[in-house]
Amino acid sequence: MATTSTTGSTLLQPLSNAVQLPIDQVNFVVCQLFALLAAIWFRTYLHSSKTSPFIRHVVATLLGLYLALFCFGWYALHFLVQSGISYGIMVIMGAENMHSPMMIITQKITSLAYEIHDGMFRKDEELNPSQRDLAVRRMPSLLEYLSYNCNFMGILAGPLCSYKDYITFIEGRSYRVTRAGADGKGEPHWERPEPSPNVAVSQKLLVCGLSLLVHLTVSSMLPVEYNIDAHFQATASWPTKVIYLYVSLLAARPKYYFAWTLADAINNAAGFGFRGYDRNGEARWDLVSNLRIQQIEMSTSFKMFLDNWNIQTALWLKRVCYERTTLSPTIQTFVLSAIWHGVYPGYYLTFLTGVVMTLAARTMRSNLRHHFITSPQLKLLYDVITWIVTQIAVSYTVVPFVLLSIKPSFMFYSSWYYCLHIIGILVLLLLPVKKTQRGKNTHENMQLSPSKKFDDTENSLGQNSFSMTNNVCNQETASRHSLLKQ
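Criteria and thresholds
- The residue numbers shown here count from 1 along each chain, following its written sequence.
- Local features in this predicted model are restricted to residues whose pLDDT is 70 or higher, and side-chain atom pairs enter the listing and the counts only when it is 80 or higher, whereas totals over whole chains, interfaces and linings include all residues.
- To obtain the side-chain values, all non-hydrogen atoms of the structure were used and water was disregarded.
- What counts as a helix is a DSSP run of H or I of at least four residues, what counts as a strand is a run of E of at least two, and both are numbered from the N terminus.
- Only protein chains enter the area calculation, which uses a 1.4 Å probe; residues under 20% of their type maximum are buried, those over 50% are exposed, and those in between are partly exposed.
- Only the protein chains shown count as cover for residues, with accessible areas throughout obtained via the Shrake-Rupley method and a probe of 1.4 Å.
- Contacts between residues were defined by any pair of non-hydrogen atoms, one from each residue, lying within 4.5 Å.
- Arc definition: it is the arc formed by the directions from the helix axis to the C-beta atoms.
- Two rings from Phe, Tyr or Trp (for Trp, the six-membered ring) form a pair when their centres sit within 6.5 Å of each other. Planes less than 30 degrees apart are called stacked, planes more than 60 degrees apart edge-to-face, and all others tilted.
- Comment: the charge-over-ring label is applied if NZ (Lys) or CZ (Arg) is within 6 Å of the ring centre and within 35 degrees of the ring normal.
- On a scale of 0 to 100, pLDDT captures the predictor's confidence in every residue.
- Any Lys or Arg side-chain nitrogen found within 4 Å of a carboxyl oxygen on Asp or Glu counts as a salt bridge.
- Throughout, an axis means a line fitted to C-alpha atoms (over the contacting stretch in the case of helices), and angles, computed between N-to-C directions, take values from 0 to 180 degrees.
- Comment on the angle field: the value is read as roughly parallel under 35 degrees, roughly antiparallel over 145, roughly perpendicular from 65 to 115, and oblique elsewhere.
- Crossings are sorted by hand: turned counterclockwise from the far helix by less than a right angle, the near helix makes the crossing left-handed, and turned clockwise it makes it right-handed.
- Gly is placed with the polar residues, together with every amino acid not listed as nonpolar (Ala, Val, Leu, Ile, Met, Phe, Trp, Tyr, Cys and Pro) or charged (Asp, Glu, Lys and Arg).
- Only residues whose relative accessible area exceeds 30% and that take part in no salt bridge are eligible for patches, with like-charged residues grouped when within 9 Å of each other and nonpolar side chains (Val, Leu, Ile, Met, Phe, Trp, Tyr) grouped when within 5 Å.
- Side-chain atoms within 4.5 Å are what join buried Ala, Val, Leu, Ile, Met, Phe, Trp, Tyr and Cys residues into a set we call a nonpolar core.

Here's the deal with the overall build of the protein
Alright, step 1. Helix and strand content of the protein: 23 helices and two strands.
Alright, step 2. Counting over 486 residues, the protein shows a buried share of 52%.
Alright, step 3. With an accessible surface of roughly 22,800 Å², the protein has 65% of that area assigned to carbon and sulfur atoms.

Thoughts on the environment of Trp340
Alright, step 1. Residue position: Trp340 is located in helix H16 (residues 329–341).
Alright, step 2. A relative accessible area of 31% places Trp340 in the partly exposed class.
Alright, step 3. Remark: the alpha-carbon pair of Trp340 and Gln107, spanning 233 residues in sequence, is separated by 8.8 Å.
Alright, step 4. Setting aside its immediate chain neighbours within four residues, Trp340 contacts Gln107, Thr313 and Trp316.

Digging into helix H19 (residues 406–415)
Alright, step 1. The set of residues buried in H19 consists of Pro408, Ser409, Phe412, Tyr413 and Ser415. One face of H19 carries all of its buried residues, which in axial projection span an arc of 165°.
Alright, step 2. Phi turns positive, to about 55°, at Tyr417, one or two residues after H19.

What about the environment of Leu12?
Alright, step 1. Checked against the element boundaries, Leu12 lands in the segment before helix H1 (13–19).
Alright, step 2. Linking Leu12 and Asp24, residues twelve residues apart in sequence, is a C-alpha distance of 9.5 Å.

What to know about the packing of aromatic side chains
Alright, step 1. Applying the stated rule across the entire model yields 33 aromatic pairs.
Alright, step 2. Measuring from centroid to centroid gives 6.2 Å for Phe351 and Phe401, while their planes differ by 85°, and the two rings are edge-to-face. Of the two residues, Phe351 sits in helix H17 (residues 345–368) while Phe401 sits in helix H18 (residues 376–403), which places them 50 residues apart along the sequence.
Alright, step 3. The exposure class assigned to Phe351 is buried, which follows from its relative accessible area of 12%.
Alright, step 4. Each member of the aromatic cluster is reached from another via a ring pair, and the members are Phe42, Tyr148, Phe152, Tyr163, Tyr166, Phe169 and Phe272.
Alright, step 5. Sitting over the ring of Phe169, Arg56 keeps its end group 4.9 Å from the ring centre.

A short note on the confidence of the model for the protein
Alright, step 1. Mean pLDDT over the protein stands at 81; residues scoring 70 or higher make up 80%.
Alright, step 2. Here residues 95–104 is modelled with pLDDT under 50, and outside its nearest four sequence neighbours on either side it reaches 24 contacts, counting other chains as well.

Observations concerning the pattern of salt bridges
Alright, step 1. Summed over all chains, the structure comprises 13 salt bridges.
Alright, step 2. Here the salt bridges share partners, and the residues they tie into one network are Asp118, Arg122, Glu126 and Arg324.

Concerning helix H8 (residues 163–170)
Alright, step 1. Burial analysis of H8 places eight of its eight residues in the buried class, which makes it a mostly covered element.
Alright, step 2. For H8, the complete set of buried residues consists of Tyr163, Lys164, Asp165, Tyr166, Ile167, Thr168, Phe169 and Ile170.
Alright, step 3. Once H8 finishes, Gly172 follows within two positions and takes phi at roughly 75°, a positive value.

A word on the packing of helix H9 (residues 198–217) against helix H12 (residues 254–269)
Alright, step 1. Two elements in contact, H9 and H12, have axes whose closest approach is 8 Å; the angle formed by their N-to-C orientations is 160°. By the angle between their axes, H9 is roughly antiparallel relative to H12. Note on packing geometry: the crossing formed by H9 with H12 is left-handed. Contacts between H9 and H12 pair Ala200, Val201, Lys204, Leu205, Val207, Cys208, Ser211, Leu212, Val214 and His215 from the former with Pro254, Lys255, Tyr257, Phe258, Thr261, Leu262, Asp264, Ala265, Asn268 and Ala269 from the latter.
Alright, step 2. Considering only residue class, the contact of H9 with H12 consists of 13 nonpolar, four polar and three charged.

What to know about the packing of H18 against H19
Alright, step 1. Viewed as axis vectors pointing N to C, H18 and H19 meet at an angle of 155°, and their least axial separation amounts to 8 Å. The angle between the axes of H18 and H19 places the two elements in the roughly antiparallel class. H18 and H19 meet at a crossing whose hand is right-handed. Residues Tyr396, Thr397, Val399, Pro400 and Leu403 of H18 touch H19, and the partners they reach there are Pro408, Ser409, Phe412 and Tyr413.
Alright, step 2. Along the lines of polarity and charge, the residues of the contact of H18 with H19 split into seven nonpolar, two polar and no charged.

So, a nonpolar patch on the surface
Alright, step 1. A cluster of nonpolar side chains, contributed by Trp74, Tyr75, Leu77, Leu80 and Val81, occupies part of the molecular surface with about 540 Å² of accessible area.
Alright, step 2. By the secondary structure assignment, Leu77 is in helix H4 (residues 77–93).
Alright, step 3. The exposure class assigned to Leu77 is partly exposed, which follows from its relative accessible area of 48%.

Some details on the nonpolar core
Generally speaking, soluble globular proteins have nonpolar side chains that are buried together.
Alright, step 1. Judged by nonpolar contacts, the single largest core of 55 residues is most densely connected at Phe42, Phe152, Tyr166 and Phe169.
Alright, step 2. Every element with two or more residues in this core is listed here: helix H2 (23–45), helix H3 (53–72), helix H5 (107–121), helix H7 (142–150), H8, H9, H12 and helix H15 (311–320).
Alright, step 3. Dropping the residues within four chain positions of it, Tyr166 is found in contact with His57, Ala60, Ser147, Tyr148, Asn151, Met153, Cys161 and Phe272.
Alright, step 4. In this structure, Trp260, Ile296, Phe302 and Val394 belong to the second largest nonpolar core, which totals 28 residues.

Section: unusual backbone geometry
Alright, step 1. A cis amide bond, omega 0°, links Gly158 with the succeeding residue Pro159.
Alright, step 2. Looking at the secondary structure, you find Pro159 in the loop between H7 and H8.
Alright, step 3. One non-glycine residue, Leu404, lies in positive phi territory at about 75°.
Alright, step 4. Note on placement: Leu404 falls in the loop between H18 and H19.
Alright, step 5. Here Leu404 falls in the partly exposed class, since its relative accessible area comes to 23%.
Alright, step 6. Positive phi outside glycine occurs at Tyr417, with the angle close to 55°.
Alright, step 7. With respect to the element layout, Tyr417 can be found in the loop between H19 and helix H20 (419–430).
Alright, step 8. For Tyr417, a relative accessible area of 59% puts it in the exposed group.

Structure representation (structure tokens):
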């Protein structure tokens, strides 16, 4: 019998017993499926053309709180308490004082804190293009604030979105296109009918189904913990150890693919997530997408993997930390990421190792890559080698993230003789480090045509020097620029 340990509803306990999954996991999946149906109903019957933003805010908030209560029971009060305290700080203390204490709570609250600070207490010339476009120029009402934080589409699994993107969606301005008028100023036009998300939602649900199938059938056969099994360590050859490390971490990823893709599909089903059209005129529904599976599995650099994994969190880290600090931004960003994830020692080992791997990968790339782009054959050889190295390095780095505890994590690293740590440190000591210019392509990206920007977002992955997050943020800002103006 599956465990009944939960503070949420036990209504689905018979289903939990039947599928042999913990009740909290069953509650989560069922609530997400309910949210998917609610999203379709929300888009159909509470469309912005039929319903006021007030009603859409109220319904989104109440449904979100209901799902939280069903999954977490009285623990769901945490959502209201942290939102209420945060809103009180904004109103009573003033938005200029809120950005520091907000770093200890959720991504949405922290993001909104900085966006309000940028919009109400900083001059435009002090902001970069991304900060300028996302800046919030007036204090949100309590209803808007609760709707942003607790709406049913994202209360269980996200993904993170900017406050202005969410308000634009609620108010029905997501599909408005701006064209320069005769006086040079932007004029809103409804140039196309509202695109349907049905194809995008269907494709993402198919990915969810396949990911869930792989997770339920394959993942349990290839546990990450077997990497530290005493018999395996004593008898397996080094090639076997390397292959199993890669395969076991590969098998651990489908559960994330399932959860994040389902969350993306729910938002799309409600009409949220539209990001313009590609060069073929096809609607893009990836504004709040959290991963790109093909790019993850084919990553040829540490940067490329990070750029396509947990995308919205990477953008959050860039916006609230990387862009706002001058002293060791990469290190500070990884430390913040570890703190945000939780208290398990494995998180800190993963992100501290990630600092070494990231800086070493950046140094190797800047020193070696230009030697391999002189011919297609050399470039292919470079891509194959860097794919192998990247997949091994990523797997090696994230083992503690899965194992969580300090002892098994050190058991794994010691069984590998800390070899990648040592190699990374030697690379940093022996090869010259070339400084990168953060955001140097921002203004170039702002000049791109919409189709060019979308194509470059895909094709430029892994082509620029490493930073904590990629130029997706800058290109995303450019592509949405006309949609976010209020």
